[in-house]
Every structure is written in structure tokens, then in C-alpha cells.
Amino acid sequence: MRDLIFNFKIDKLKRTVFIEKEYAYEKSLVWDTFTKQELLDQWWAPKPWESKSKYMNFEKGGKRFYAMVSPEGDEHWSIQNYILINPQNNFKFYNAFADKDENAVLPGSEWELTFTENDGITKVGIHIYNESAERMEQQLEMGFQGGITMTLNNLESLLKSLSSK
């Protein structure tokens, strides 16, 4: 088997992050891990942090409200508003940090995720557009690149356990 792709590119002038990650699993399984709350919460945080969704309504116009929870119990909330969903192919959401009462802290970012499969390898493309350079800098200073890399690697572990069932 060939090496799986993992690319991470930052374009500060365009306030954009591009990520490509391949998984040796069927697209439908990879799609489910991004779109079903019970699966998403199992991997959507860099260890030892955990993802805890208060709710997730994955449909156009729906929302996910969740916290990244530290081992000490500190909660850092975010809200995602789903803008576009093309099942099994792509979806877009607007993401913003929030307080525990769902009040968004703006500016935010727009995420578009695309899913393609070729010979049993699913490529996930993630395009993140930040509304402001300041927000992008804040994310990068908070360790976004290392955190999202660890998070996407967590997904690899979950996919392996799901496919062996």
C-alpha cells in the first residue's frame, strides 16, 4: 500500500488553512465519523482533551454546540452552524468560539470539508477561511496545527477500531 497523504498549508495573506488527510477506509465510514455526534465526540479533540457535544443537528441550518474539555474539567465552547450539506461528498459550517450559553465570540471561520474515495482510500480536504487575520493568528498561537494533527490522527485510531467490529 502506498503512503497516505497528510498535507497542512497556511496562507496568512488569504487567512486560510488547507488540510488534506487520507484514510484507508471507505468514504461512508469516514463521513459518518464527521457527521454523527456519537462518533465525532470520540475523536474531535487532541488528547488528553475530550470533545463533549451538548447537541448536534447535522442538517442545513442545524447546529452543533460542543466543548473541548481539559483533563481538569475546563470547558472551551464552540458553535458550528451548518450552511451546506451534500451527503457523502461535502459540507460547510460556520465555526465560532462561544460561551457556555451559546453566545458566539466573533469573528469566526468558515470550514468546508470534502470527501473523495479512490481504491478504498478516502481523502478528506479541509479548507478553513478565517474572517480576520487576528482570529487566525490566535488559533495558530493556541497550537491549532499540532492540535488538529493530533485530532486527525485520533480519527485514524477510531476508524481502525470501527472497521474491526
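About the thresholds
Residues numbered from 1 in each chain as written. Predicted model: local features only at pLDDT ≥ 70, side-chain atom pairs only at ≥ 80, totals over all residues. Heavy atoms only, no water. Phe/Tyr/Trp six-rings, centres within 6.5 Å; stacked < 30°, edge-to-face > 60°. Helix = DSSP H or I, 4+ residues; strand = E, 2+ residues; numbered from the N terminus. Buried < 20%, exposed > 50% of the residue type's maximum accessible area, 1.4 Å probe, protein only. 1 Å grid on protein atoms, 1.4 Å probe; cavity = no way out; pocket = protein on both sides within 12 Å on 5 of 7 lines; lining within 4 Å. Points joined across faces, edges and corners; volume = space filled by probe spheres on them. Pairing = 2+ DSSP bridges. Axes fitted to C-alpha atoms, helices over the stretch in contact; angles between N-to-C directions. Contact = heavy atoms within 4.5 Å.

## What about the packing of aromatic side chains?
Step number 1: One pass over the full model with this rule turns up 18 aromatic pairs.
Step number 2: Centre to centre, the rings of Phe 58 and Tyr 82 are 4.9 Å apart; their planes meet at 75°, and the pair counts as edge-to-face. In this pair, Phe 58 sits in the loop between strand S3 (50–56) and strand S4 (63–69) while Tyr 82 sits in strand S5 (residues 75–86), placing the two residues 24 residues apart along the sequence.
Step number 3: A residue is classified by how much of its surface remains accessible, and Phe 58, at 22% relative accessible area, is partly exposed.
Step number 4: Among the residues examined, Tyr 82 registers a relative accessible area of 4% and is labelled buried.
Step number 5: Ring centres of Phe 93 and Trp 111 lie 5.4 Å apart, and the angle between their planes is 20°; this geometry places the pair in the stacked category.

## Focus on empty space enclosed by the protein
Step number 1: One pass over the structure, following the stated rule, counts one cavity of 30 Å³ or more.
Step number 2: Empty space within the largest cavity amounts to approximately 60 Å³.
Step number 3: Around the largest cavity, the lining residues are Phe 34, Leu 40, Trp 44, Arg 64, Gln 80, Tyr 82, Phe 91, Phe 93 and Leu 113.
Step number 4: Elements with a minimum of two residues in the lining of the largest cavity: S5 and strand S6 (90–98).

## Re unusual backbone geometry
Step number 1: Cis rather than trans, the peptide bond between Lys 47 and Pro 48 has omega equal to 10°.
Step number 2: Residue placement: Pro 48 occurs in the loop between helix H2 (37–40) and S3.
Step number 3: The amide bond that connects Leu 106 to the next residue, Pro 107, takes the cis arrangement and shows omega of 5°.
Step number 4: With respect to the helices, strands and loops of the structure, Pro 107 is situated in strand S7 (residues 104–118).
Step number 5: The phi angle at Gln 88 is positive, at roughly 70°, despite the residue not being glycine.
Step number 6: The backbone phi angle of Glu 102 is positive, close to 75°, even though this residue is not glycine.

## Overview of the pairing of strand S8 (residues 121–130)
Step number 1: Of all ten residues in S8, seven are buried; the element is thus mostly enclosed.
Step number 2: Both strand S2 (residues 16–23) and S8 contribute to a ladder of eight bridges, which runs antiparallel. Pairing of Glu 20 across the sheet is with Gly 125, part of S8.
Step number 3: In this sheet, S8 lies alongside S7 in antiparallel orientation, the contact comprising ten bridges. Directly across from Thr 114, in S8, lies its bridge partner Gly 125.

## Concerning the sheet that holds S4
Step number 1: Pairing within the open sheet is antiparallel, and its eight strands lie in the order S1-S2-S8-S7-S6-S5-S4-S3. Each edge of the open sheet is held by one strand with a lone partner, namely strand S1 (6–11) and S3. Taking each pair of neighbouring strands and ignoring which way they run, the sheet shows an average axis angle of 20°.
Step number 2: With six bridges joining them, S3 and S4 adopt antiparallel strand pairing. Paired with Met 56 across the two strands is Arg 64, which belongs to S4.
Step number 3: Of the strands in this sheet, S2, S3, S5, S6, S7 and S8 are in contact with helix H1 (residues 27–35), which crosses S7 at around 165°.
Step number 4: Across the sheet, helix H3 (residues 133–141) is in contact with S1, S2, S6, S7 and S8; its angle to S6 comes to roughly 85°.

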